[in-house]
Each structure stands twice: as C-alpha cells, then as structure tokens.
Amino acid sequence: MTDTYRLKGLRQQLVRELKTKGIQDVRILQAFEEIPRHYFLDKAFAEWAYKDVPFPIEADQTISQPYTVAFQTQLLDIRKGDRVLEIGTGSGFQASVLAYIGARVYTIERQEKLFHQTKSLLEKIGFPQVRTLFGDGYEGAPRYAPYDKILITAGAQHIPQTLVEQLVPGGVMVIPLGNENEQIMKRYTKTENNTLFEESFDKFRFVPFLKGIQQVSGAPTKPVQTVNRLKVSL
Ligand code: SAH
C-alpha cells in the first residue's frame, strides 16, 4: 500500500469537487482528503479512485461514487461515538469514512468473499475498530443493536422493518428507496412513539439490496499428493 504526492494532490482536487457539489461538512471533507481511497480499488486503477464516479470492485459489486458516500454520510449527521450499522460493506470505503469521523461502525456484507477481503483490508490500513460482519443485511445485527444510525448502501424496494426495530428512538435511517433502475434517497427519523418521519432527497442508482447470503462455493479440494519415500536398504 503506497501513497504518493500525486495521489494526495488528486484527493485535494476531489475534495474541491465535492465542495462545489454541495458537501459542506468539514469532517467529511477531511476524511476524503486523508483516507487513501485508492487502497480500496485494484492497484492498477489508483487514479480512478479520485474521479467522482462509481467503480467496479470484486464480486460484481461497485464502490459507490465519492459524492454518494459523502452525501449519505452528511445525511446521517454523525456525532462522535454514534453507533452506526452499515448494510453493504462492499469495498469498505464508506465504513472507513464513518469511522474516521468518529462513529462506532458495524458493517454487514452478504458476499462471503468480499467480506473476508474487506475485513483484512480494513485491519491492514488502520481501521481495525470497524466491526465487519458476514450475513444478510435484511436481518440487521441484533447482537449489537440498538443503533443510533443505520445506513443502507444498496438500492431497496421497501423499508426493512427489522432494521427499523434496531434503531433507537430518535435514530436515523438513510436508505435509497425505489426500483432496480432508480432510487430516491430517503432519510427516516424514528420518533419516540415509533412512527417514521420521512424526508426525500435526490435520485441515485445503487446495486440491488438482495435477500440472503452468498457463500464462497465449496470449490473441490485438490487431492493431496502423498509421496511415499521408500527407504531402500541396500
Ligand atoms: N458501501 C460500499 C458500497 C456498496 S455496494 C462501499 O463503500 O464500497 C453494495 C453492497 O451491498 C455490495 O457489496 C452488496 O454485496 C451488498 N449487499 C447487497 N445486499 C445485501 C444484503 N442483503 N446484506 C448485506 N449486504 C448486501
């Protein structure tokens, strides 16, 4: 993992671009300036990390566009120490931004291979405090509930009730809601009497929020070759 002055320069340029697009939270801008986003992409595509576009990663998934990450994070209005559940770990970049600005992050990924890769990446690059979980995000993570904030980073067709239950009263859920082609960014605040207050924002396009998990297929194990060394006594 190497960082260079050139890549740092590209990061500063990206931060300027995010500002012009309406991201004002200085802690979020600082996270984008400090976290080497190219660590989350294949080495060959380092420069692409600093363009404001989504990019393909492992297992047919995408690392969300920088603006989208910044926008969702801004909607969450993170306070230091907030317990945040992220659905859809993906590359781990969003989780690292949340951790950088002071959240206690729990993040779930349904693809086992991606889960393992991202877990070790986050440990290696300085975010060992992020709790990475393998499972179906529709179930949330009741073991660590309740959460102050829940962030869904895949396109959902309905509000997952189980997740609402894992929010504290006054808690906030940010979720892109719509069909597979287009979603509206929504922010729901859970009121003291368990109803949801809804706010709607721009349109986005995420990979789908799928049911169930995807395990690493049981690849046939290679037969172990045994070599019999015969001691030949002359
Ligand atoms: N937050 C990610 C972007 C995620 S792309 C980042 O910063 O890179 C959406 C991710 O959600 C994909 O990795 C996809 O596998 C995952 N996902 C989709 N449905 C899920 C579910 N039910 N539970 C957990 N993860 C899910």
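Residues numbered from 1 in each chain as written. Predicted model: local features only at pLDDT ≥ 70, side-chain atom pairs only at ≥ 80, totals over all residues. Heavy atoms only, no water.

### What about the overall build of the protein chain?
Okay, so step 1: Secondary structure summary: the protein chain contains 6 helices and 9 strands in total.
Okay, so step 2: Dimensions of the protein chain, computed from C-alpha atoms along their principal axes, come out at roughly 90 × 45 × 35 Å.
Okay, so step 3: Within the protein chain, buried positions represent 49% of all 234 residues.
Okay, so step 4: Pairs at least 24 residues apart make up 55% of the contacts formed inside the protein chain by residues separated by at least 6 positions.
Okay, so step 5: Here the protein chain displays about 12,900 Å² of accessible surface, and carbon together with sulfur accounts for 51% of that area.
Okay, so step 6: For the protein chain, the separation between the mean place of its 30 positive charges and that of its 26 negative charges on side chains is 7 Å. (Helix = DSSP H or I, 4+ residues; strand = E, 2+ residues; numbered from the N terminus. Buried < 20%, exposed > 50% of the residue type's maximum accessible area, 1.4 Å probe, protein only. Contact = heavy atoms within 4.5 Å. Areas by Shrake-Rupley, 256 points an atom, 1.4 Å probe, with all protein chains shown as cover. Lys, Arg positive; Asp, Glu negative; His and termini not counted. Charge placed at Lys NZ, Arg CZ, Asp CG, Glu CD.)

### Side note on helix α3 (residues 66-76)
Okay, so step 1: Counted residue by residue, α3 has 10 buried out of 11 residues, so it is predominantly covered.
Okay, so step 2: Listed in full, the buried residues belonging to α3 are Pro 66, Tyr 67, Thr 68, Val 69, Ala 70, Phe 71, Gln 72, Thr 73, Leu 75 and Leu 76.
Okay, so step 3: Asp 77 sits one or two residues past α3 and shows a positive phi near 50°.

### Topic: the packing of helix α2 (residues 26-34) against helix α4 (residues 93-100)
Okay, so step 1: Direction vectors running N to C along α2 and α4 enclose 125°, while the axes themselves pass 9 Å from each other. Viewed along their axes, α2 and α4 adopt a mutual orientation that is oblique. Helix-helix and strand crossings are classified by hand; for α2 and α4 the assignment is right-handed. Together, Arg 27, Gln 30, Ala 31, Phe 32 and Glu 34 of α2 and Phe 93, Val 97 and Tyr 100 of α4 make up the contact between the two elements.
Okay, so step 2: Taken together, the residues of the contact of α2 with α4 break down into 5 nonpolar, 1 polar and 2 charged. (Axes fitted to C-alpha atoms, helices over the stretch in contact; angles between N-to-C directions. Parallel < 35°, antiparallel > 145°, perpendicular 65-115°, else oblique. Left-handed = near helix turned anticlockwise from the far one by under 90°. Nonpolar A, V, L, I, M, F, W, Y, C, P; charged D, E, K, R; others polar.)

### With respect to the pairing of strand β5 (residues 131-134)
Okay, so step 1: Strand direction decides the pairing type here: strand β4 (residues 104-109) and β5, joined by 4 bridges, are parallel. Counterpart to Tyr 106 in the pairing with β5 is Arg 131.
Okay, so step 2: Handedness of the crossover joining β4 and β5 through helix α5 (residues 112-124) is recorded here as right-handed. (Pairing = 2+ DSSP bridges. Right-handed = clockwise from strand over helix to strand, strands pointing away.)

By themselves these figures say nothing about function.
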